[in-house]
Amino acid sequence: MSEINLASVLSNIRIVLVGTSHAGNIGSAARAMKTMGLSDLRLVEPCEYFADQGDACALASGATDIVASAHNVADLSSAIEECTLVIGSSARSRTMPWPMLDPQEAARLIIETAKKYPVAMVFGRERTGLTNEELAHCQYHACINANPDYSSLNLAMAVQVFAYQIRCTALEYESTVDGIVTAMEKTVSEDKPATAGELNFLFQRLESVLDKADFLFQQDPQYMLRKLKRVVYKAQLEHKEINIIQGIFTSIEKKIKSLSKDLT
Ligand code: SAH
């Protein structure tokens, strides 16, 4: 990877902060990003940091440009829509096991994907992290292996650890032969991977079809839907495959509609 390629790969990586409550953490995260060459910051339902510009700017130091150009987005799905890889960072292991990565593994996957497509690394709230629903938007979860008795890092410090690892990995790739075919590129076909937006739409249709087919009559339908999301992520669907499944859903929906007409 040349220096130019390095910059373009890093520009494909966005950092998404969800529900940040302290303006200072937004500034510190921006500084963590800029020191490692990252610049795309997206804020989902942040605190009123504009009211607290002082804190955000003081802690951003020389990275106030990253704070100023951060995109405010209404929800997580909009923040990650065009991304083909979404990794959620979480200190806690959750009730439902999910494919877990350490920062090195996460960085490798991020760099390999960001050569071609936008990717997102998602961070949660200072007090409560990411909700189960937000974590279910992520194909992988990543955890910094910390002291088990006290494993929760400050938000901006967690951003720093991942950003540093991403930079080290990018530099490692830069020093290897240009054009090396990575393991991932070898397995990737001509078609492009599905984006988070396409997958989100697929999940909405899946939920609606399962509901119409009376499959979601159970105690915790959301739990079942999260399990199904995990199955779908494992398949690493491509754009055309999503279209085929959407076509199947359309046929099933038509059939259910005509069956229910026959019954009336
Ligand atoms: N009490 C919260 C921790 C919030 S810390 C919880 O249990 O989830 C704020 C954010 O920093 C987290 O949502 C996560 O994105 C990141 N973070 C903190 N410590 C981390 C760790 N050890 N590994 C991965 N991410 C971590």
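Fair warning: this is a prediction, and the values are worked out from it, not measured in the lab.

A. Quick look at the sheet that holds strand E6 (residues 119-123). If you trace the seven strands from one edge of the open sheet to the other, you get E3-E2-E1-E6-E4-E7-E5, paired in parallel fashion. If you trace the sheet from one side to the other, it starts and ends with strand E3 (71-73) and strand E5 (100-101), each paired once. Relative to E6, strand E1 (residues 13-18) runs parallel, the two being bridged by five bridges. Paired with Ile13 across the strands is Val119, a residue of E6. Those strands touched by helix H2 (residues 23-35) are E1 and strand E2 (40-44), and its axis lies near 155° from that of E2. Running at roughly 150° to E6, helix H8 (residues 155-175) makes contact with E1, strand E4 (85-89), E6 and strand E7 (140-142) of the sheet.

B. Representation of the environment of Trp98 within the structure. Summarising the element assignment, Trp98 is placed in the loop between E4 and E5. We classify Trp98 as buried; its relative accessible area is 9%.

C. The arrangement of the packing of aromatic side chains in detail. Tallied over the full model, the rule gives three aromatic pairs. Aromatic side chains Trp98 and Tyr233 sit 6.1 Å apart centroid to centroid with 70° between the ring planes, which places their arrangement in the edge-to-face category. Within this pair, whereas Trp98 is found in the loop between E4 and E5, its partner Tyr233 is found in helix H11 (residues 221-235), the two being separated by 135 residues in sequence. Each member of the pair Trp98 and Tyr233 is classed as buried. Ring plane angle 65° and centroid distance 5.9 Å describe the contact between Phe123 and Phe162, whose orientation is recorded as edge-to-face. With Phe123 in strand E6 and Phe162 in helix H8, this residue pair connects regions lying 39 residues apart in the sequence.

D. Seen up close, unusual backbone geometry. Here Asp214, not a glycine, exhibits a phi torsion of approximately 60°, which is positive. Note on placement: Asp214 falls in the loop between helix H10 (196-212) and H11.

E. Examining the packing of H2 against helix H3 (residues 53-60) more closely. Contact geometry for H2 and H3: axes closest at 7 Å, N-to-C directions at 25°. Relative to H3, the element H2 lies roughly parallel. Of the two possible hands of crossing, H2 and H3 adopt the one that is right-handed. Between H2 and H3, the residues in contact are Ala23, Gly24, Gly27, Ser28 and Arg31 and Asp55, Ala56, Leu59 and Ala60, respectively. Residue classes in the contact of H2 with H3 are distributed as four nonpolar, three polar and two charged.

F. Local environment of the site of the ligand. As a structural note, the neighbourhood of the ligand is formed by 20 residues, with Ser89, Arg92, Ile144, Ser151 and Leu153 the closest of them. One nitrogen or oxygen atom from the main chain of Arg127 is found 3.1 Å from a nitrogen atom belonging to the ligand. The fraction of the free accessible surface of the ligand (540 Å²) that becomes covered by protein chains is 94%. Residues belonging to the shell around the ligand are distributed by class as follows: eight nonpolar, seven polar and five charged.

Each value, and the rule that gives it
Residues numbered from 1 in each chain as written. Predicted model: local features only at pLDDT ≥ 70, side-chain atom pairs only at ≥ 80, totals over all residues. Heavy atoms only, no water. Pairing = 2+ DSSP bridges. Helix = DSSP H or I, 4+ residues; strand = E, 2+ residues; numbered from the N terminus. Contact = heavy atoms within 4.5 Å. Axes fitted to C-alpha atoms, helices over the stretch in contact; angles between N-to-C directions. Buried < 20%, exposed > 50% of the residue type's maximum accessible area, 1.4 Å probe, protein only. Phe/Tyr/Trp six-rings, centres within 6.5 Å; stacked < 30°, edge-to-face > 60°. Parallel < 35°, antiparallel > 145°, perpendicular 65-115°, else oblique. Left-handed = near helix turned anticlockwise from the far one by under 90°. Nonpolar A, V, L, I, M, F, W, Y, C, P; charged D, E, K, R; others polar. Near = heavy atom within 4 Å. Polar contact = N/O pair within 3.5 Å; in protein donor to acceptor, adjacent residues only side chain to side chain. Areas by Shrake-Rupley, 256 points an atom, 1.4 Å probe, with all protein chains shown as cover.

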